[in-house]
Amino acid sequence: MALIEKYSTYIFGIDLGTSNSAIAVYHKGRAEILKVDDGRYTLPSVVSVLDVETTLVGKQARSRMLVDPNNTVASIKREIGKLGEDGKPWNKEFPNRPERSYSATDISAFILTKLVMGAQQSSMDILQGTPRYAVICIPANFDDNQKNATIDAAKLAGLEVVSLIEEPVAAAIAYALEKDRDQTILIYDLGGGTFDVSLLRVDSTGEGLASFKILGKEGVQKLGGDDFDLEIMKIASAKFQESSEIDIFDLKKDQGGGVSPKALREAQQKLKEKAEIAKCELSQSQKALIEIPSLLKDGDGKVHNLEIEIDRSEFNDAIRPLLLQSKEAVERAIAAAKLTIEDISRIILVGGSTRVPLVREMLTEMFGKEPYSDIDPDTVVAAGAASFAATLSVPDDPDVQPQLDSSLVIDNLVTLNLGIEVRDRRFNLIIAKGLEIPADVPLSMSKEYSTQRDNQTEIRITVYQSSDTKEFIYEEGVTCIGEFLITKIPPKPKGAEKITITFELDQQNLLKVKAESSSGVGGALEIKRS
Ligand code: ADP
Ligand code: MG
């Protein structure tokens, strides 16, 4: 007899973060974060392959980063749906499991699977079945490929994505559902590796309905807690060098009677772990101690210990220039939305790195008021996604697509410039970044083109995106997102055949491209998957 798996009727809210992930469900009138990793509410987004059968995910995997870096992967969100510098998607073989290789989507699926299983183990009484439907959070600047790869990862983990939601919108929902709604709010999200700032307008539209409109977004691609850790490592290493005359960061120079690069690399990793702990301690206290017995052995066999103290003002001085970058991004976002500091009613802190006191001090000084702190920066995104998920409905029949009807209206902006390649390798814009996508219908824009040569029977349409305005498709920052071929165009003189290209962008910022020619042949975009 075949068994049928019982699915939970909840739609889960999932924050699939670069450093940490979380899962929540809206239950008994509030978003509840579910325990996932041995009693903890957040799961480090780290995967470590132990042997042919065992894959560790979370805290256990994280502690293997030092011991077994070749079989351990962190920050996979940076790679998902992207091509590396070599033009190929990220792909990894683990020495502990040589028979196959893994894509960034596969690694993300491991994290999602662990979230789901962890939630099931800790909260079966609430879930009443295996999680199946999910709302997954994505950064505001994720492109088509990154979104589709995220959806694929969810599928591999046995989940169906009812909707994607941008992280700042999720945070705004978590905040605004409990508070006075009619406000202009600023979401300041400083995580492990990236900084994002978003401005949102929240309006109540009557009877439990609210609308969320993104007024602007900005960010710094590489700015976060990892950089703060590095600053602490630099301070510690300088102090260590004073006593030992060994520079931990210099792998090339022969130092201390011949310290091997391997020993130095191990020392760096040990220091990285301790630096992060010290950083978190400095969020609470004025001083932190870093002690690493036998940090390394020099060429003469002498063992060097590290024992240094670092105080908060020293740390603040080191990270101030970094925080200034976030401040500038905040200013750019406010200016681009044609707002002023006075228009912002609330500053909402998101991400573990907003626990750093200097972040709060800087924002208080900048806005003349304290950021809102009555909310957990580590789990607010998952909570908001769960609250949004609760406004969507799932069908009784698991084979039917869930409905995207919601009492929460999210007006969105186009996140990237979208266009095609035309003559002389020019980037021809069809939908511009910053345009508003209406809440109920996709944004659709068309342009007409014509054949370039006499008797041209085929045209290749290549679709590109870029975050800034670009003239040529070969410029830096321009990415190809797909292409298709129109064939069987009847031979005619050059320019006689007209081709209309239509770009359609839905609420999730997902793109569809259609082409139609005056003689009736056409085509549609097939997304080149990476
Ligand atoms: P992401 O969104 O990238 O997954 P998180 O929001 O989970 O990241 O933030 C992770 C970062 O927050 C890490 O760099 C971590 O060290 C930092 N962090 C967590 N707690 C604290 C704390 N108490 N003080 C300072 N930094 C912290
Ligand atoms: Mg985050």
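See the structure above.
Residues numbered from 1 in each chain as written. Chains lettered and ligands numbered in written order. Predicted model: local features only at pLDDT ≥ 70, side-chain atom pairs only at ≥ 80, totals over all residues. Heavy atoms only, no water.

**Student:** Before we go on, may I ask you to explain the side chain of Ser108 in this structure?
**Tutor:** Inspection of the secondary structure puts Ser108 in helix H3 (residues 104-127). Residues in contact with Ser108, not counting those within four places in the same chain, are Leu16, Ile76, Ile80 and Ala153. (Helix = DSSP H or I, 4+ residues; strand = E, 2+ residues; numbered from the N terminus. Contact = heavy atoms within 4.5 Å.)

**Student:** Explanation requested: the environment of Gln507 in the structure shown.
**Tutor:** Its location among the elements puts Gln507 in the loop between strand E25 (498-505) and strand E26 (511-517). Taking the C-alpha atoms as reference, Gln507 lies 34 Å from Met362; in sequence the two are 145 residues apart.

**Student:** How should the nonpolar core be read in this particular structure?
**Tutor:** One broad rule of soluble globular proteins: the nonpolar side chains tend to lie buried together. Counting residues in hydrophobic clusters, the biggest one holds 53 residues, and the most contacted among them are Leu186, Tyr188, Phe195, Ile290, Leu323, Val330 and Phe367. The next biggest cluster of nonpolar side chains, apart from the first, holds 38 residues, and it includes Tyr102, Ala109, Leu115 and Ala157. (Core = buried A, V, L, I, M, F, W, Y, C linked by side-chain atoms within 4.5 Å. Buried < 20%, exposed > 50% of the residue type's maximum accessible area, 1.4 Å probe, protein only.)

**Student:** Teacher, can you tell me more about the packing of H3 against helix H4 (residues 144-156) here?
**Tutor:** A pair of packed helices is captured by two measures, namely the crossing angle of their axes and the spacing between those axes. Where H3 contacts H4, the two axes come as close as 8 Å, and the packing angle between them is 55°. Regarding the angle of H3 to H4, the classification is oblique. Here H3 and H4 pass one another in a crossing that is right-handed. Here Thr105, Asp106, Ser108, Ala109 and Leu112 of H3 come into contact with H4, specifically with Ala149, Asp152, Ala153, Ala154 and Leu156. A breakdown of the residues in the contact of H3 with H4 according to their chemical character gives six nonpolar, two polar and two charged. (Axes fitted to C-alpha atoms, helices over the stretch in contact; angles between N-to-C directions. Parallel < 35°, antiparallel > 145°, perpendicular 65-115°, else oblique. Left-handed = near helix turned anticlockwise from the far one by under 90°. Nonpolar A, V, L, I, M, F, W, Y, C, P; charged D, E, K, R; others polar.)

**Student:** I tried to follow unusual backbone geometry on my own but got confused; where do I start?
**Tutor:** Peptide bonds are, in most cases, trans, and in most cases residues other than glycine have a negative phi. Here Glu245, not a glycine, exhibits a phi torsion of approximately 60°, which is positive. Structurally, Glu245 is set in the loop between helix H6 (225-244) and helix H7 (261-282). Residue Glu245 is classed as exposed on the basis of its relative accessible area of 64%. Despite not being glycine, Ser294 shows a phi value in the positive range, around 40°. Within the element layout of this structure, Ser294 appears in strand E15 (residues 287-297).

**Student:** Mind showing me how you'd approach the side chain of Ser517 here?
**Tutor:** Locating Ser517 in the fold gives a position in strand E26. For Ser517, a relative accessible area of 8% puts it in the buried group.

**Student:** How do you make sense of the site of ligand 1 when you look at a structure like this?
**Tutor:** Neighbouring ligand 1 are 16 residues; Ser19, Asn20, Glu276, Lys279 and Ser283 lie closest to it. The contact in question runs from an oxygen atom of ligand 1 to an N or O atom on the side chain of Glu276, over 2.5 Å. Burial of ligand 1 by the protein amounts to 86% of the accessible area it has alone, namely 580 Å². For the shell around ligand 1, the element with the highest residue contribution is H7, accounting for three residues. The residue inventory of the shell around ligand 1, partitioned by class, reads two nonpolar, 11 polar and three charged. (Near = heavy atom within 4 Å. Polar contact = N/O pair within 3.5 Å; in protein donor to acceptor, adjacent residues only side chain to side chain. Areas by Shrake-Rupley, 256 points an atom, 1.4 Å probe, with all protein chains shown as cover.)

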